[in-house]
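One-letter residues, chain by chain:
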Amino acid sequence: MSTPSEIETVVSRLENLGISSPALYDTPTLNIAGNPFDLFRASISKTLSEVSGVEADLIVPALEWTLTPDRGDLVIAIPRLRVKGRKPDELAAEWVEKYPSTPFLSKVAAKGPFMQFFFDPQLLYKIVIPEILKKDSSYGDAKIGAGKRIIVEFSSPNIAKPFHAGHLRSTIIGGFLSSLHERLGYEVIRINYLGDWGKQFGLLAIAFAKFGDEAELERDPINHLFKVYVTVSSAQAAEKDAGAAAEAVLVLKALLEKEGISEEEKADLESKLVEAEIKAKDLAKVALEAAIVLDKNHPLKDAKDIDPAYFIPRPIDSEAKAYFKRMEDGDEEALAVWKRFRELSITKYTTTYERLNIHYAEYSGESQISEASMQSVIDLLQQKGMLYEDRGAKLINFAQHSKKLGKALIQKSDGTSLYLTRDLGAAIERYEKYKFDKMIYVVAAQQDLHLAQLFKMMELCGFPWAKDMVHVNFGMVQGMSTRRGTVVFLDTILEETKDAMHEVMKKNQAKYEQVENPVEVADLVGISAVMIQDMQSKRVNNYKFDWSRMLSFEGDTGPYLQYAHSRLCSVERRAEITHEQLMAADFSLLTEPIAEELIRTLAQYPDVLMNAHRNYEPSTVVSYLFKLTHIVSSCYNILWVAGQEPPLATARMALYSSAREVLKSGMILLGLTPVERM
């Protein structure tokens, strides 16, 4: 992973530290120049290979983190090296005995079938602190993605509907994965695949024409369109119930007219008919009231009574279908209305995304997938012999490939394409446009089957890039509502967290007065609260939205991370030690065990990013940052800076500044904006 020139630089630095001709195993899997743990892996694997005769390529992946410092910094399980004819614990003891003294390690120990490697803390100080302070927030970056392009599709809200909790999860996970891949050298294309097509837009358009308000649309487009959509959906549901009830009446009347029914059957049907007619009239009344709320000029608004049969054709539903048919046929007037709704929604979404430090290269959507692409998909599936027909509809049966995938509808009997067809068309168009090396879909676990079917379709179609598709799924947010208990949208949550944080900040008047922009800081801390609650557990797990826990400055919360960062900033401000002085610090003065624990943790950060890259888990970084801040908090009572002799104060401040840089780096990676005062 490191270039020859970078390795030469590392060797030169080590020689300047008194380590002449260091024995290092150079392999593309190790980032010797940018990852302290990889530098130690390179030393250990080279030396252990010479001691044991085992290939270094086998040793490198077998070197693992330990759970506690008393077990070393790295450990290797001897059975993983596949040495035959000897007991692992005997080999461990023998190799420890033969392992030569090296400036990289303070100790090598055998523990049963394990070898434990303890890094030399003074060497860690000399390598890690200058690397962090020199590189600023780029510490931990790597080049494993150099020359590779990936697409991350995430967020993907539905046009004209507010941004809710499910979209939040996709947005912040996708934002994190995009930033992480960029830091590891990839070119990242962020795509927002909007739900911007379908019959619901016909429904929305006819409703806005009857019920919409131009001034409200300009002022708050998404919430107004949502209000319109809820109103028309209620009316649509009511007419559906009324129509079904009216149809039930007709069915009963038809049964009564049949010849040959007994008197007992007739009496039973007549009784049911009376009940059905009462129900139909009641539901027709409800449907009419809902229709009048939607349309003040409804032709039956003054009717005292209404025939339930009026709702059998589902007038609202029929009108919506007709409008969407106009959109599909390219009607300019209908498309102009749809385009306006889409553009206004994107403008509003962009404001929310900016608040979350999210940006996109492309706003795509179902509407952007050409009919030609979808038809080519169906033609290709037909050519591959993958489709079969059932009553005019076209389906794929995946059972012969995987029973879990079942069957999938590809095209309705009326020729309408479905999500799978559109998504495959979208994937083909993206590959043709971007020639990506990997494409990540950040989509809820509820869509596991859909994505599995999509990937299998790509594979069966023979696309070689099908193997490069990844579904990063996640669980649901449970109980996400405002503190007043109403149904919630993200903007409401962010405003409430900002207000709550502002009130907390005001309680410390002295500190509050030192903050130049308290409302903005309160907003940033509030956003941290929401995002960290979402990211701190495994993404596949559901979690309960908890206001009291989220807003706390104690425990593992977003506000606590912000507090930890601002406190480190405060220590730096009070110390008044220059960057040049920090770079020239005498690290031999750092002798306390807690200082060693902190430097070991700082050395792990590049490894943490690589682990997050492998498991697609924001929680990997979040857990590390909490571990880091807890150690820093423990340091304050021992590693004093104020009142110390300048050399000692400078060495300790260099350690604290390194911790702040890594904390800042991790927070930015997660999408947070670290604050310096709060």
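This text gives an overview of the structure that appears in the document. None of these values were measured; they are calculated from a predicted model. The numbering scheme is per chain: residues are counted from 1 as the chain's sequence reads. Only residues with pLDDT of at least 70 are given local features in this predicted model, and only at 80 or more are side-chain atom pairs given and counted; all residues enter the totals for whole chains, interfaces and linings. Note that the side-chain values use all heavy atoms of the structure and ignore hydrogens as well as water.

## Description of unusual backbone geometry
- With phi around 45°, Ser21 is a residue other than glycine that occupies positive phi space.
- Only DSSP runs of H or I covering at least 4 residues are called helices, and only runs of E covering at least 2 are called strands; the numbering of each starts at the N terminus. Assignment of secondary structure puts Ser21 in the loop between helix H1 (4-16) and helix H2 (36-52).
- Here the term buried applies to any residue with accessible area under 20% of the maximum for its type, exposed to any over 50%, and partly exposed to those in between, with areas from a 1.4 Å probe on protein chains only. Overall, the relative accessible area of 62% leaves Ser21 in the exposed class.
- In the Ramachandran plot, Arg391 falls in the positive-phi region, its phi being about 50° despite a non-glycine side chain.
- Checked against the element boundaries, Arg391 lands in the loop between strand E8 (387-390) and strand E9 (393-397).

## As for helix H24 (residues 618-635)
- Relative to the 26 Å expected for 18 residues at 1.5 Å per residue, H24 spans 26 Å between its end C-alpha atoms, a close match to the ideal helical length.
- Burial analysis of H24 places 13 of its 18 residues in the buried class, which makes it a mostly covered element. For a helix, the expected span equals 1.5 Å multiplied by the residue count minus one.

## A short note on the sheet that holds strand E2 (residues 74-77)
- We treat two strands as partners when DSSP finds at least two bridges between them. Taking strand neighbours across the sheet as the criterion, the four strands line up as E1-E2-E4-E3 in an open arrangement whose pairing is antiparallel. Two strands close off the open sheet at either side, each with one partner strand: strand E1 (63-65) and strand E3 (105-111). Between one strand axis and the next, the sheet turns by 25° as a mean value, whatever way the strands run.
- In this structure, E1 lies alongside E2, joined through three bridges in antiparallel fashion. Paired with Trp65 across the two strands is Leu74, which belongs to E2. With axes taken as lines fitted to C-alpha atoms, and helix axes fitted only over the stretch in contact, angles between N-to-C directions fall between 0 and 180 degrees.

## Concerning the pattern of salt bridges
- Salt bridges are counted wherever a side-chain nitrogen of Lys or Arg sits within 4 Å of a carboxyl oxygen of Asp or Glu. All told, the structure shown has 44 salt bridges when counted by the stated rule.
- For Glu90, the salt bridge goes to Arg86, with nearest N and O atoms at 3.9 Å.
- For Glu90, a relative accessible area of 41% gives the class partly exposed.
- When the shortest N-O distance is used, the salt bridge between Glu131 and Lys134 registers 3.5 Å. Of this pair, Glu131 and Lys134 both sit in helix H5 (residues 121-135), three residues apart, which is roughly one turn of that helix.
- The exposure class assigned to Lys134 is exposed, which follows from its relative accessible area of 53%.

## Quick notes on the packing of aromatic side chains
- Each Phe, Tyr or Trp ring, with Trp reduced to its six-membered ring, pairs with another whose centre is within 6.5 Å; inter-plane angles below 30 degrees give stacked pairs, above 60 give edge-to-face pairs, and intermediate values give tilted ones. A complete count under the given rule lists 22 aromatic pairs for this structure.
- Ring centres 4.0 Å apart and planes at 20° place the aromatic pair Phe40 and Phe119 in the stacked group. Taken together, the residues span a long stretch of sequence, with Phe40 in helix H2 and Phe119 in strand E4 (residues 114-119) at a distance of 79 residues. Here Phe40 and Phe119 have matching classes, each one buried.
- A network of ring pairs unites the aromatic residues Phe37, Phe40, Trp65, Phe104 and Phe119 as a single cluster.
- Here, over-ring charges are defined by two tests on the NZ atom of lysine or the CZ atom of arginine: distance to the ring centre within 6 Å, and angle to the ring normal within 35 degrees. Positioned over the ring face of Tyr323 is Arg326, at 4.8 Å from the centre of the ring.

## Topic: the sheet that holds strand E10 (residues 407-411)
- Here we have three strands laid out as an open sheet, ordered E8-E9-E10, and antiparallel in their pairing. The open sheet has two edge strands with one neighbour each: E8 and E10. Strand-to-strand twist in this sheet, taken as the mean axis angle between neighbours without regard to direction, amounts to 40°.
- Of the pairings in the sheet, the one linking E8 to E9 comprises four bridges and is antiparallel in character. Bridging across to E9, Asp390 finds its partner in Ala393.

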